[in-house]
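Observations on the three-dimensional arrangement
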Amino acid sequence: MGLPVEGEAELHLERRDGRLVLAGDEKRYGHPLAVEFTSGKAAHRRRFGGGRGQLIARACGFSQGVTPSVVDATAGLGRDAFVLASLGAPVLLVERVAAIFALLEDGLARARADAETAEIAARMRLVHGDAAAALAALVAGSDVAPQVIHLDPMFPHRDKSALVKKEMRLFRTLAGDDADAPRLLEAALDVATHRVVVKRPRKAPPIAGPAPRHVIEGKTSRYDLYVHRALKAG
């Protein structure tokens, strides 16, 4: 048995096969959860994901000659941040849930020790804190300029079929729904120098607040763009 997760008696952190994992009842939560940048989906997306043509890259303003610095203020399992770092961006990951932060820390350490991912992981900085409450201070304490702030707040699912993926059930048990998403958007708009990018389920309403300037839609999700000024080649 590993270290119990604060506030979640069913879940615990432990080391398995050289990785830190978050584990619970496998019938309910499925396989233990780890942050993995060197293999699996992250490796496949790094090799075959579509580069700067990916939706997230277009939304964040990547184009020929433009590689913005990005603050991922809702880091989660770090998958979006890793994609952006693999495209050359310096990325600051902000994560408020202590257990998820620990998984990210472990995943990044292993990525820095792997020859194929070391250069990408070196562009990723990780901080523990609540972006909705202290984004400006968290960014000020880092060496990553907030040209683009990326947000992917947890959307409250009412349809139980959306919770079929056990991995997401485990993640949601820890992270909960982001009821403070409007405050997070407000903080991001104050701190970002060029744009704020918000990932949403395709049919979900925008976050309460100012209307997005542009929308980029995919099959299941979309990006709402709040643009202060254009990103230019440096």
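Structure: see above.
Throughout what follows, the structure given in this document is the object of discussion. Note that the structure is predicted; figures quoted are calculated from it, not measured.

This part is about helix H9 (residues 181–191). Within H9 the residues assigned to the buried category are Ala181, Leu184, Leu185, Ala187, Ala188, Leu189 and Val191. Those residues of H9 that are buried lie in contact with helix H7 (131–140), strand S7 (148–151), strand S8 (195–201) and strand S10 (221–227).

Here we take up helix H5 (residues 98–112). If you check H5, its first and last C-alpha atoms are 21 Å apart, about what 15 residues at 1.5 Å a residue would give, namely 21 Å. A large share of H5 lies buried, amounting to eleven of its 15 residues. What H5 keeps buried is the set Ala99, Ile100, Phe101, Ala102, Leu103, Leu104, Asp106, Gly107, Leu108, Arg110 and Ala111.

A few words on the pairing of strand S5 (residues 91–95). The element S5 is extensively covered by neighbouring structure, given that five of its five residues are classed as buried. Neither face of S5 is exposed, since Val91, Leu93 and Glu95 on one face and Leu92 and Val94 on the opposite face are all buried. Alignment of strand S4 (residues 70–72) against S5, held across three bridges, turns out to be parallel. Opposite Val70, over in S5, you have Val91 as the bridge partner. The β-α-β motif built from S4, the intervening helix H4 (residues 79–86) and the parallel element S5 has right-handed crossover chirality. As defined by bridge partners, S5 adjoins strand S6 (residues 124–128) across five bridges and the pair is classed as parallel. Pairing of Val94 across the sheet is with Val127, part of S6.

In this section: the sheet that holds S7. Backbone hydrogen bonds are what pair the strands of a sheet, in a parallel or an antiparallel way. Reading across the sheet, the seven strands line up as S6-S5-S4-S7-S8-S10-S9 and stay open at both edges, with mixed pairing between neighbours. Edge positions in the sheet fall to S6 and strand S9 (214–217), since each of these pairs with one other strand and no more. Neighbour-to-neighbour, the strand axes of this sheet turn through a mean angle of 20 degrees, independent of strand direction. Here H4 sits on the sheet in contact with S4, S5, S6, S7 and S8, set at roughly 170 degrees to S5.

A few words on the pattern of salt bridges. For the structure on display, the rule yields eleven salt bridges. The closest approach of N and O atoms between Glu36 and Arg19, which form a salt bridge, is 3.4 Å. Of this pair, Glu36 sits in the loop between helix H1 (26–29) and helix H2 (40–48) while Arg19 sits in strand S3 (residues 19–23), and the two are 17 residues apart along the sequence. Taking the relative accessible area as the measure of exposure, Glu36 reaches 19% and is therefore buried. Note that Glu217 is salt-bridged to Arg202, the shortest N-O span being 3.9 Å. Taken as a pair, Glu217 in strand S9 and Arg202 in the loop between S8 and S9 lie far apart in primary sequence, 15 residues in all. A relative accessible area of 32% means that Arg202 is categorised as partly exposed. Ionic contacts of the salt-bridge type, sharing partners, join the residues Arg15, Arg19, Glu36, Asp106 and Arg110 into one network.

With respect to the element layout, Asp143 can be found in the loop between H7 and S7. It is 8.5 Å that separates the C-alpha atoms of Asp143 and Arg125, two residues lying 18 residues apart in sequence.

Residues Phe37, Val91, Leu93, Leu104 and Met124 are the most contacted members of the largest nonpolar core, which totals 46 residues. Considering every element that reaches this core, the biggest residue donor is H5, with eight residues. Among the nonpolar cores identified, the runner-up in size contains 24 residues, and Ala131, Ile149, Val191 and Val196 belong to it.

Here the structure, examined in full by the defined rule, presents one aromatic pair. Ring centres of Phe37 and Phe82 lie 4.9 Å apart, and the angle between their planes is 15 degrees; on these two criteria the pair is classed as stacked. Placement of the pair is Phe37 in the loop between H1 and H2 and Phe82 in helix H4, with a sequence separation of 45 residues. Summarising the burial analysis for this pair, Phe37 and Phe82 share the class buried.

The rules behind each value
- Residue numbers here run from 1 along each chain, matching the order of that chain's written sequence.
- Only residues with pLDDT of at least 70 get local features here, since the model is predicted, and only at 80 or more are side-chain atom pairs given and counted; chain-wide, interface and lining totals rely on the full set of residues.
- Side-chain numbers come from the whole structure's heavy atoms, not from hydrogens or water.
- The buried label applies to any residue whose accessible area, calculated with a 1.4 Å probe on protein chains only, is under 20% of its type's maximum; exposed applies above 50%, and partly exposed to all values in between.
- Numbering goes from the N terminus for both helices and strands, where a helix is a DSSP run of H or I of at least four residues and a strand is a run of E of at least two.
- Throughout, a residue-residue contact means that at least one pair of heavy atoms, one from each residue, lies within 4.5 Å.
- Expected span, for any helix, means 1.5 Å times one less than how many residues it has.
- DSSP bridges decide pairing: two strands pair if at least two such bridges lie between them.
- When the strands point away from the viewer, a crossover counts as right-handed if the route from the first strand across the helix to the second turns clockwise.
- In this analysis, axes come from line fits to C-alpha atoms, helices being fitted only over the stretch in contact, and the angle between any two N-to-C directions falls in the range 0 to 180 degrees.
- Put simply, a salt bridge is a Lys or Arg side-chain nitrogen that is within 4 Å of an Asp or Glu carboxyl oxygen.
- Take the buried residues of types Ala, Val, Leu, Ile, Met, Phe, Trp, Tyr and Cys, join any two whose side-chain atoms come within 4.5 Å, and each joined set is a nonpolar core.
- Only centres within 6.5 Å qualify two rings of Phe, Tyr or Trp (six-membered ring in Trp) as a pair; their planes then separate them into stacked at under 30 degrees, edge-to-face at over 60, and tilted for everything else.

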